[in-house]
Amino acid sequence: MSSELLVDVGDDSATAQLGQLKLTTIEDQQWPADESFLSKSDVSQQFDASSPHLPWDHPFYDIARHQIIEVAGDDNFGRKVIVFNACRMPPQHQLDHHKLLMYLKGTLDQYVESDYTLIYFHHGLTSENKPSLSWVRDAYREFDRKYKKNIKALYIVHPTMFIKTLLILFKPIISFKFGRKINYVSYLSELEDVVKCDQLVIPSRVREYDNKLRASLKPTTQPPMSPPHSPPLPSQVFGVPLTLLRQRDPDGDPVPVVMRDTVGFLSEQGLEIEGIFRRSANVTLVKEVQLRYNSGATVNLREMEDVHLAAVILKTFLRELPEPLLTYQLYNDIVNFASVSSESQVTVMKTLVESLPEENYASLRYLITFLAQVSANSEVNKMTNSNLAVVFGPNLLWGRDNAMSLSAIGPINNFTRTLLDQQHLVFA
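All of the points below concern the structure found in this document. Since the structure is predicted, the reported quantities are computational estimates derived from the model, not experimental observations. (Residues numbered from 1 in each chain as written. Predicted model: local features only at pLDDT ≥ 70, side-chain atom pairs only at ≥ 80, totals over all residues. Heavy atoms only, no water.)

1. What about the packing of aromatic side chains?
As enumerated under the stated definition, the model contains 10 aromatic pairs in all. Aromatic pair Phe-84 and Tyr-120: ring centres 5.8 Å apart, planes at 50°, arrangement tilted. Taken together, the residues span a long stretch of sequence, with Phe-84 in strand β3 (residues 80–85) and Tyr-120 in strand β4 (residues 116–121) at a distance of 36 residues. On the basis of relative accessible area, Phe-84 is assigned to the buried category, the value being 15%. Through a chain of ring-to-ring contacts, the aromatic side chains of Phe-238, Tyr-293 and Phe-317 assemble into a single cluster. (Phe/Tyr/Trp six-rings, centres within 6.5 Å; stacked < 30°, edge-to-face > 60°. Helix = DSSP H or I, 4+ residues; strand = E, 2+ residues; numbered from the N terminus. Buried < 20%, exposed > 50% of the residue type's maximum accessible area, 1.4 Å probe, protein only.)

Structure (structure tokens):
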């Protein structure tokens, strides 16, 4: 993986130069057909992803249905991952690029207060669906410091001469600091250093292209394949079902030791830390702590005295469960929870969580009770129930395909926020 420094384009003469760049024509293009004709809505309308599956008359329906932008949980550093799929962009005349920009900003608005990572899959951008250079320039300018401050990395996967030339042309407007965050990724296997690729819904066209790139290389220059899944260690903790962890526990405690350790430490030392759960951690330390847990060694987080490390370990443990804490069985009920009347929400929510397996219910109650403590100190730590829901929603529930579009992540976050708001009644 290579990273290039960009110091900064600009004038409109670049437009002519860019127009001369030829994009590879994609064979067998299968653009999504227009399902309905939508009149242009006011794109300045406040972004709203709280609808389970955006209805046809939603102002962003015609953008969301293409699944160009997705949220994929946390990366190996504990940062939220936002994915942009160029191959899912329809031809220019079928896409309102300004609304696409507003939709992207609406996505990022939920995460810009936390550290986050952008992954851009470039394969599939063609002469038919690429936006104009002026749009790209305006888009970069539209993202002010609020968006750029906490983005820790932008990974451009399968870069071509086109995208590299584009970035060179844009040097005059790309800041030096932002330029250092741009990384080129030649093969999907290189992403494993950043995020577990299993949690990304990588378009089949991108995977096929990656395989073709590998096949074209000489055996001596083959990049490393993604590491195979190794069998779990006898004392494995991460990525193990809650039922098995309970069986292994000497006291049969339904709440896993990782949750008890991290929550105990954070309850003592993290409640007044501003931005708790919003910062990333050193990936080497995260892997070291995971290895110690998985090898059966005792982990003393108090010796490390790193609140953000403990916070990332807690989120990582939840995200690596084979099945989410809220379970696949409840996925549809939770995604459609917004349709429940406000008068019935507590009753319905109580019924849902009480239907969880005993280990899941006990762990959820333990976690939510702690997060209520965090929220009670929000004047200091700035983590309200809404902020906590954005952080923990994707770590409590995800679809079987792992990544989620905003049409699903919104309802999940809304359910999590309501659970935090009403936890004293739901767990009574």
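Here the narrative resumes.
2. Things to note about unusual backbone geometry
Among all residues except glycine, the phi angle is most often negative; among peptide bonds, the trans geometry is most common. Positive phi, normally seen in glycine, also occurs at His-158, with a value near 55°. As for its position among the elements, His-158 is in the loop between β5 (151–157) and α6 (161–169). Residues other than glycine seldom take positive phi values, yet Phe-277 does so here, at roughly 80°. Secondary-structure assignment places Phe-277 in the loop between α10 (257–269) and α11 (283–294). Its relative accessible area of 2% is what places Phe-277 among the buried residues.

3. Description of the pattern of salt bridges
Overall, the coordinates contain 18 salt bridges when judged by the stated rule. The partner of Lys-152 in a salt bridge is Asp-115, with the nearest N and O atoms 3.9 Å apart. Remark: Asp-115 occurs in the loop between α3 (97–109) and β4 and Lys-152 occurs in strand β5; sequence separation between them is 37 residues. Residues Lys-350 and Glu-354 are paired through a salt bridge, measuring 3.3 Å at the closest nitrogen-oxygen approach. (Salt bridge = Lys/Arg side-chain N within 4 Å of Asp/Glu carboxyl O.)

4. Comments concerning helix α15 (residues 345–354)
Residues of α15 that are buried: Gln-345, Met-349, Leu-352 and Val-353. Around the axis of α15, the buried residues are gathered within 90° of arc, so they sit on the same side. Residues of α15 that are exposed and angled more than 90 degrees away from the buried face: Thr-347 and Thr-351. (Arc of directions from axis to C-beta.)

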